[in-house]
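Here are the chains, one letter per residue:
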Protein chains: 2
Amino acid sequence: MTERISSVETIDVRFPTSRHRDGSDAMNPFPDYSAAYVVLRTSAGACGYGLVFTVGRGTEIQVAAVRSLASMVIDRPVDELTADPGALARRLVGDSQIRWLGPEKGVVHMAAGGLVNAVWDLAARRAGKPLWKLLADLTPEQLVAQVDFRYLRDALTEQEALALLRAAVDGRAERERRLRTEGYPAYTTTPGWLGYDDEKLARLCAEAVRDGYRLIKIKVGGNLADDVRRMGIARRAVGPDVRIAVDANQIWGVPEAIRWMRELAPFDPYWIEEPTSPDDVLGHAAVRKALAPVRVATGEHVHNAVMFKQLLQADAVDVVQIDACRVAGVNENLAILLLAAKFGVPVCPHAGGVGLCELVQHLAMFDFVALSGSTEDRAIEYVDHLHEHFTDPVRVSGGRYHAPTAPGMSAEIVPASVIEYRYPDGPQWMPVSAVPVGTGAPTA
Amino acid sequence: MTERISSVETIDVRFPTSRHRDGSDAMNPFPDYSAAYVVLRTSAGACGYGLVFTVGRGTEIQVAAVRSLASMVIDRPVDELTADPGALARRLVGDSQIRWLGPEKGVVHMAAGGLVNAVWDLAARRAGKPLWKLLADLTPEQLVAQVDFRYLRDALTEQEALALLRAAVDGRAERERRLRTEGYPAYTTTPGWLGYDDEKLARLCAEAVRDGYRLIKIKVGGNLADDVRRMGIARRAVGPDVRIAVDANQIWGVPEAIRWMRELAPFDPYWIEEPTSPDDVLGHAAVRKALAPVRVATGEHVHNAVMFKQLLQADAVDVVQIDACRVAGVNENLAILLLAAKFGVPVCPHAGGVGLCELVQHLAMFDFVALSGSTEDRAIEYVDHLHEHFTDPVRVSGGRYHAPTAPGMSAEIVPASVIEYRYPDGPQWMPVSAVPVGTGAPTA
């Protein structure tokens, strides 16, 4: 019997993070970190896990999108899917009717990503390897075959991609050894949420330095006077040598971004992240030109490889922030890593939320071993929330991610957490009844 | 009692257009023109209608998105909504949690557009005016207040928008008179669907010229030899003076677009539409530079005003093709019309599908009366499909749209058609049972 995908379960899981303002920023004052969680099951009883990260309301739309696309996965032979997830990615992204709803953007594109990532997770589990290792063991030719170059060739051809990967074949083994022993640099956003008070900000900044971080991130963009005060607190807490990135989460228009950041320049910000709309390639280029040497970073909301291509072509970014769940999965992120390598721009993945650290670490580690070959000016975002809900949580210490060793993409949520936080019927979300269960009718 | 929105009904309506390959192009070989159809009902029994156009599969995702956003409309006072639809648009687009699913793109953004357009339809019905007239009667200040300038000010400020609108106040009455008597130019895509054979192409091209069209459009991008042959047939059929636009529906990458179009240049194409990904601003600029004097057109998939802004800033387009249902409704289309006016680029709206002609004509006519003041090099796309399903269908004759006179945005679908084509339970979609209804059990 051919092993096939027998079911695709998609579950709305929401964590009530807004209750403590964890994750609060200028555009997201009260996020509830959530996911459309995807579980593929095979006829042989194996599983693959994926998720689309969301921030609360609207997760039901994301779930609906995954369920609609799941028909293109159900009943497919597992050998076929796992041998060539790129073929699945092309089918999902290219469906001639569903494509109208994007194309290659928003809810439908992220749904494709959730399914494609789940197939990669399944492939890595079957291979008995963590995903980063599975990818790093593929040949340059196999990797290039996983990428859709249709809209990229004016910036990156198949031949150029092959050359980049081939140039990194020598040294893969040595870098893999270093990765396993030394890990991969992390930076932390834990201190800087906008909803935290000054005391908490100062304390968490100092702790971050003690914990070994050389780069921290502060949310800005709510109020200029507050930002100036908070940047001062952070700079005093970390000293002159630790880098402080700032993140506006798209709150500004282009002229406003430039004006506001000039006020923060005395505190030596390392990068300004999401100064304006993630769609505004030319806007980012203008901001970058006006604010140099402050770097410009973006990516968590950059919806596909075509947009990253332009950010690079327009010299609009110094830092490419891939996100594991925004684009159509591992395959499109391979394309983005190749584009970044071609243009010589470092990749510092976006993470945090729920599960984003777990998933994206694999992509950065693959990039180090088999493509860019460097961790210089690179770090994966780290936020210390919600890892306890994963069966293979990230391990971060001394300011570094440890390389995962368990098979898969680290995307499986602890089953008890799925039950507890399922929306709207998990215990965390069900309104507490005014009358306790088991209370009988009043007796006469 | 304050009149409130008492319900928002969202219905999946699909027309099986793929059965005759109407609407077939390089990326959409078999579209089933569909809509997430929105009906607002008020506590006083009034209705407002909107729709999000789709092409079949996935309409259920679009419906889910509208239903999720509808909670922000239900129970709102009708006076408040209709007096300031822009406030609703900002709320829908800016919701801090749902925003993660975009921002300002894809299914969620189009859902906002469906609701915002339904509110404008309701406002125009209450005012007893067709929407184009309602808009053209607003003051420049009122119009500018309906636009969100957050991400646009580097290209267009409120003051510049006001100046553009004020400059067009003189002459509004005369242009309205001309619009009512002469109508607005149309162009036709009816002849050129990729699935039509050569005989049908030639016949429909000749008919289009006889019907008064001065611009027709042919789908290209399937096969180069076919395109060369079909362009020859079309050019012979229409003669040298009628313009022929060609439309690739995003099939190409940038270098391929340039190579392919050079082969079609001898047939004097007027514009090349969607030569590549709608997200590729810089790609469109490169194509335009390489192919001049052939014009470059795009817009039906350009997902928001920030993208149109960049297409204009980068000199990437000669023709702006607004779509009534792609962006967040009338308000964002006002922004796009203002941007086009600022950059002096003509707007030729995308239409066809189901209901797109009905809706978008109002925006082009408003633009003529109160903003651009011109119909030169402008025309609204026209396709003669599915108009019979609307209660206020477009009237096109002599190659011109007649100005609508009925109150509203012409978005109401005939109730019997909603029932007939509702998916999946309308008679057009229910599988025909193998056993006729009423067939009894076999008798002994």
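As the structure is a prediction and not an experimental result, all values here were calculated from the model.

## Here's the deal with the overall build of chain A
Scanning chain A from N- to C-terminus turns up 16 helices and twelve strands. With respect to the principal axes defined by its C-alpha atoms, chain A has extents near 85 × 65 × 45 Å. Residue burial in chain A is summarised as follows: out of 444 residues, 64% are buried. Pairs at least 24 residues apart make up 74% of the contacts formed inside chain A by residues separated by at least 6 positions. Accessible area of chain A: about 15200 Å², with a carbon and sulfur share of 53%. The distance from the centre of the 47 positive side-chain charges to the centre of the 56 negative ones in chain A is 2 Å.

## Details of the interface of chain B and chain A
Contacts between the two partners involve 60 residues from chain B and, on the opposite side, 62 residues from chain A. Across the chain B to chain A interface the summed buried area is about 5200 Å²; carbon plus sulfur atoms make up 56%. Along the contact surface separating chain B from chain A lie six salt bridges. Salt-bridge contacts for Asp279(A) lead to Lys105(B); the nearest nitrogen and oxygen are separated by 3.0 Å.

## Some points on the packing of helix α3 (residues 85-94) of chain B against helix α4 (residues 106-127) of chain B
Residue and element names in this part refer to chain B. Two numbers describe how α3 lies on α4: the axes approach to 10 Å, and their chain directions differ by 165 degrees. The pairing of α3 with α4 is recorded here as roughly antiparallel in orientation. Our pair here, α3 against α4, has a crossing hand that is right-handed. In contact with Pro-85, Leu-88, Ala-89, Leu-92 and Val-93 of α3, α4 contributes His-109, Ala-112, Leu-115, Val-116, Val-119 and Trp-120. Considering only residue class, the contact of α3 with α4 consists of ten nonpolar, one polar and no charged.

## Description of the relation of the copies chain B and chain A
Turning chain B through 180 degrees and shifting it by 0.0 Å along the axis lays it on chain A, with an RMSD of 0.0 Å. Those values place the two copies in the arrangement expected of a two-fold rotation axis. Minimal C-alpha separation from the rotation axis in chain B is found for Gly106(B), amounting to 2.4 Å. A shared interface surface links the copies, since 100% of the contact residues of chain B are contact residues in chain A too.

## Here we look at the side chain of His389(B)
All names here are of chain B. Inspection of the secondary structure assignment puts His-389 in the loop between β10 (380-382) and β11 (396-397). A distance of 2.7 Å separates a polar atom in the side chain of His-389 from a polar atom in the side chain of Ser-417. Sequence-distant contacts of His-389, that is, excluding residues within four places in its chain, are made with Phe-15, Glu-412, Ile-413, Val-414, Ser-417 and Tyr-421.

## Description of the pairing of strand β8 (residues 295-298) of chain A
All names here are of chain A. The pairing of strand β7 (residues 269-273) with β8 spans three bridges and is classified as parallel. Its bridge partner being in β8, Ile-272 is matched across the sheet by Val-296. The parallel pair β7 and β8 is bridged by helix α12 (residues 281-291), and the resulting crossover is right-handed.

## Details of the environment of Glu274(A)
As for its position among the elements, Glu274(A) is in the loop between β7 and α12. Among residues more than four places away in sequence, those in contact with Glu274(A) are Asp247(A), Ala248(A), Asn249(A), Gln250(A), Ile251(A), His284(A), Ala297(A), Thr298(A), Glu300(A) and His301(A).

## Some thoughts on the packing of helix α14 (residues 330-343) of chain A against helix α15 (residues 356-370) of chain A
Residues and elements named next belong to chain A. At a minimum axis separation of 11 Å, α14 and α15 run at an interaxial angle of 40 degrees. Between α14 and α15, the angle is such that the two are oblique. The handedness of the crossing between α14 and α15 comes out as right-handed. Counting all contacts with α14, which are made through Val-330, Asn-333, Leu-334 and Leu-337, the residues of α15 involved are Leu-363, Phe-366 and Asp-367. Taken together, the residues of the contact of α14 with α15 break down into five nonpolar, one polar and one charged.

## Describing helix α10 (residues 224-238) of chain A
Structural remark: α-helix, 3.6 residues per turn; residues separated by three or four positions point the same way. Residue and element names in this part refer to chain A. The terminal C-alpha atoms of α10 lie 21 Å apart, and with 15 residues this matches the ideal 21 Å at 1.5 Å per residue to within 8%. Within the sequence span of α10, burial applies to Asp-227, Arg-230, Met-231, Gly-232, Ile-233, Ala-234, Arg-235 and Val-238. On its buried face, α10 sits against β4 (184-192), α9 (198-210), β5 (215-219), β6 (243-247), α11 (254-264) and β7. Positioned one or two residues after α10, Gly-239 has a phi angle of 85 degrees, which is positive.

## Some words on the domain arrangement of chain A
Residue and element names in this part refer to chain A. Under the domain assignment used here, chain A contains domain 1 (5-132) and domain 2 (172-414). Taking only C-alpha atoms into account, the centre of domain 1 sits 22 Å from that of domain 2. Contacts between the two partners involve 42 residues from domain 1 and, on the opposite side, 50 residues from domain 2. The contact between domain 1 and domain 2 buries some 3600 Å² in all, and 67% of this surface belongs to carbon and sulfur atoms. Interface area lost by domain 1 to domain 2 is led by Phe-15, Leu-51 and Trp-132, which between them contribute 21%. The interface formed by domain 1 and domain 2 contains one salt bridge. Among the salt bridges present, the one from Lys-219 reaches Asp-25, with a minimum N-O distance of 4.0 Å. Taken together, domain 1 and domain 2 are joined by 14 residue pairs in polar contact (both at pLDDT 80 or more). The set of elements that each furnish at least two residues to the side of domain 1 that touches domain 2 consists of β2 (34-42), β3 (47-54), α3 (85-94), α4 (106-127) and α5 (131-136). The greatest single-element share of the side of domain 1 that touches domain 2, amounting to ten residues, is contributed by α4. By residue class, the composition of the side of domain 1 that touches domain 2 is 22 nonpolar, twelve polar and eight charged.

## Observations concerning the packing of aromatic side chains
According to the stated counting rule, one finds 20 aromatic pairs over all chains in the structure shown. Consider the rings of Tyr270(B) and Trp271(B), whose centres lie 5.9 Å apart with planes at 45 degrees: the pair is tilted. Pair check on accessibility: Tyr270(B) and Trp271(B) agree, each one buried. Three or more aromatic residues link up through ring pairs in this structure, and these residues are Tyr33(A), Phe53(A) and Trp100(B). In this structure, Arg19(A) packs its charged tip against the face of Trp429(A), placed 5.6 Å from the ring centre. Positioned above the aromatic ring of Phe343(B) is the side chain of Lys342(B), whose terminal nitrogen or guanidinium carbon lies 5.6 Å from the ring centre.

Thresholds applied
Residues numbered from 1 in each chain as written. Chains lettered and ligands numbered in written order. Predicted model: local features only at pLDDT ≥ 70, side-chain atom pairs only at ≥ 80, totals over all residues. Heavy atoms only, no water. Helix = DSSP H or I, 4+ residues; strand = E, 2+ residues; numbered from the N terminus. Buried < 20%, exposed > 50% of the residue type's maximum accessible area, 1.4 Å probe, protein only. Contact = heavy atoms within 4.5 Å. Areas by Shrake-Rupley, 256 points an atom, 1.4 Å probe, with all protein chains shown as cover. Lys, Arg positive; Asp, Glu negative; His and termini not counted. Charge placed at Lys NZ, Arg CZ, Asp CG, Glu CD. Buried area = accessible area lost by both parts, 1.4 Å probe. Salt bridge = Lys/Arg side-chain N within 4 Å of Asp/Glu carboxyl O. Axes fitted to C-alpha atoms, helices over the stretch in contact; angles between N-to-C directions. Parallel < 35°, antiparallel > 145°, perpendicular 65-115°, else oblique. Left-handed = near helix turned anticlockwise from the far one by under 90°. Nonpolar A, V, L, I, M, F, W, Y, C, P; charged D, E, K, R; others polar. Least-squares fit on C-alpha atoms with pLDDT ≥ 70 in both. Polar contact = N/O pair within 3.5 Å; in protein donor to acceptor, adjacent residues only side chain to side chain. Pairing = 2+ DSSP bridges. Right-handed = clockwise from strand over helix to strand, strands pointing away. Expected span 1.5 Å × (residues − 1). Domains from an automatic or database assignment. Phe/Tyr/Trp six-rings, centres within 6.5 Å; stacked < 30°, edge-to-face > 60°. Lys NZ or Arg CZ within 6 Å of the ring centre and 35° of its normal.

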